[in-house]
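# Summary of structural features
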Amino acid sequence: MLCAAENEFSQKGFYGARIDEIACGAGVNKRMIYEYFTSKEGLYKAVLTRVYRRLCEREVGVLSENITPEEAIYKIIHMYFEFLNSNETFVHLVLWENLNEARYLKELSLLDIKEPTIELLRKVIEGGKKEGAFRREIDTDQVILSIMTYTFSYFSNRYTMSVLMHRDLKQEENLRARVKEVTDMFLSYLCKSSK
């Protein structure tokens, strides 16, 4: 049921999605959806929670490994690109939520889902600063925001940028080149010596 709802909401957004279509896609009676989720809004929130939890499990998995700060940054950037490339519904749902000014996301208690990732990223970056692997003057939260936006924007803008750049950003070779560029850029910024 949640798979069908995720597909429908990601394609049409909250306002365009229809419970009848979701029920048909899930092979269930729509009354069953209302019984479990109370409303269309309840179902949509369950889908948002589900997709964020799926990402956060991957994030925590990478950031909990016993590796150097440089390796952690390398691996988290690669994981974001891999995850977003294989989870187009996540990208679409986040875009819809942004169009709606995070109306439903605000109503969810995602802090318990997302906070561990933010805290682990802070720990990695702060640890790198203390060890001398990363520059001490960098703003940890700005780095976290940049990592998340640099990786996400490739997927949120790849159709328009493919047209503007005259190259298919869905092609594997272009994706690999972007992963390398972003990884090199962040590690160069984080690790370069202070002057």
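Further remarks concern the overall build of the chain. Scanning the chain from N- to C-terminus turns up ten helices and zero strands. Each helix and strand of the chain, placed in order from N terminus to C terminus, yields the pattern α-α-α-α-α-α-α-α-α-α. Its C-alpha atoms put the chain at 65 × 40 × 25 Å along the principal axes. A total of 195 residues make up the chain; the buried ones form 42% of that total. Residue pairs in contact within the chain that sit at least 24 positions apart in sequence constitute 70% of those at least 6 positions apart. Total accessible area on the chain stands at roughly 11000 Å², and carbon and sulfur atoms take up 52% of it. In the chain, 28 side chains carry a positive charge and 29 a negative one; their mean positions are 2 Å apart.

Now for the packing of aromatic side chains. According to the stated counting rule, one finds 13 aromatic pairs in the structure shown. Geometrically, the ring pair formed by Tyr-150 and Phe-186 is edge-to-face, given 5.3 Å between the ring centres and 80 degrees between the ring planes. One end of the pair, Tyr-150, is in helix α8 (residues 140-156); the other, Phe-186, is in helix α10 (residues 172-191), and 36 residues separate them in sequence. Ring geometry for Tyr-154 versus Phe-155: centroids 5.2 Å apart, planes at 75 degrees, classification edge-to-face. Considered together, Tyr-154 and Phe-155 belong to a single accessibility category, that of buried residues. Linked through ring pairs, Phe-9, Phe-14, Tyr-15, Tyr-44 and Tyr-104 together constitute an aromatic cluster. For Arg-135, the ring lying beneath its charged end belongs to Tyr-189, and the centroid distance is 4.4 Å.

What follows concerns the environment of Glu-57. Checked against the element boundaries, Glu-57 lands in helix α4 (residues 40-63). Accessibility expressed as a relative area gives 56% for Glu-57, which makes it exposed. C-alpha of Glu-57 to C-alpha of Thr-117: the two residues are 60 residues apart in sequence and 8.8 Å apart in space.

On the secondary structure map, Ser-162 appears in helix α9 (residues 158-165). Classification of Ser-162 as buried rests on a relative accessible area of 16%. For Ser-162, the side chain forms a polar contact with the main-chain nitrogen of Leu-169, separated by 2.9 Å. Each residue touching Ser-162, except ones within four places of it in the same chain, is listed here: Arg-167, Asp-168 and Leu-169.

Our focus in this paragraph is the nonpolar core. One finds Phe-9, Ile-73 and Phe-90 to be the most contacted residues of the largest nonpolar core, which totals 58 residues. If near-sequence neighbours (up to four positions away) are discounted, Ile-73 is found in contact with Val-124, Ile-125, Phe-134, Ile-147, Leu-187 and Leu-190.

A separate point is the pattern of salt bridges. With the rule as written, the count across this model stands at 16 salt bridges. With a shortest N-O distance of 2.8 Å, Arg-58 and Glu-82 are connected by a salt bridge. Within this pair, whereas Arg-58 is found in helix α4, its partner Glu-82 is found in helix α5 (residues 69-86), the two being separated by 24 residues in sequence. On the basis of relative accessibility, which here comes to 48%, the residue Glu-82 falls in the partly exposed class. Two residues, Arg-122 and Asp-141, come together in a salt bridge whose shortest N-O distance is 2.8 Å. Of the two residues, Arg-122 is situated in helix α7 (residues 111-131) and Asp-141 in helix α8; the sequence distance between them amounts to 19 residues. By relative accessible area, Asp-141 is classed as partly exposed at 39%.

Okay, a nonpolar patch on the surface next. The grouping of Met-161, Leu-164 and Met-165 at the surface amounts to a nonpolar patch, some 300 Å² of accessible area in total. Note that Leu-164 resides in helix α9.

On average, the chain scores 94 in pLDDT, and the residues at 70 or more come to 98%. Within the chain, α5 carries the highest mean pLDDT (97), whereas α7 carries the lowest (91).

What counts and what doesn't
Residues numbered from 1 in each chain as written. Predicted model: local features only at pLDDT ≥ 70, side-chain atom pairs only at ≥ 80, totals over all residues. Heavy atoms only, no water. Helix = DSSP H or I, 4+ residues; strand = E, 2+ residues; numbered from the N terminus. Buried < 20%, exposed > 50% of the residue type's maximum accessible area, 1.4 Å probe, protein only. Contact = heavy atoms within 4.5 Å. Areas by Shrake-Rupley, 256 points an atom, 1.4 Å probe, with all protein chains shown as cover. Lys, Arg positive; Asp, Glu negative; His and termini not counted. Charge placed at Lys NZ, Arg CZ, Asp CG, Glu CD. Phe/Tyr/Trp six-rings, centres within 6.5 Å; stacked < 30°, edge-to-face > 60°. Lys NZ or Arg CZ within 6 Å of the ring centre and 35° of its normal. Polar contact = N/O pair within 3.5 Å; in protein donor to acceptor, adjacent residues only side chain to side chain. Core = buried A, V, L, I, M, F, W, Y, C linked by side-chain atoms within 4.5 Å. Salt bridge = Lys/Arg side-chain N within 4 Å of Asp/Glu carboxyl O. Patch = residues over 30% accessible without salt bridge, like charges linked within 9 Å, V, L, I, M, F, W, Y side chains within 5 Å. pLDDT = per-residue confidence, 0-100.

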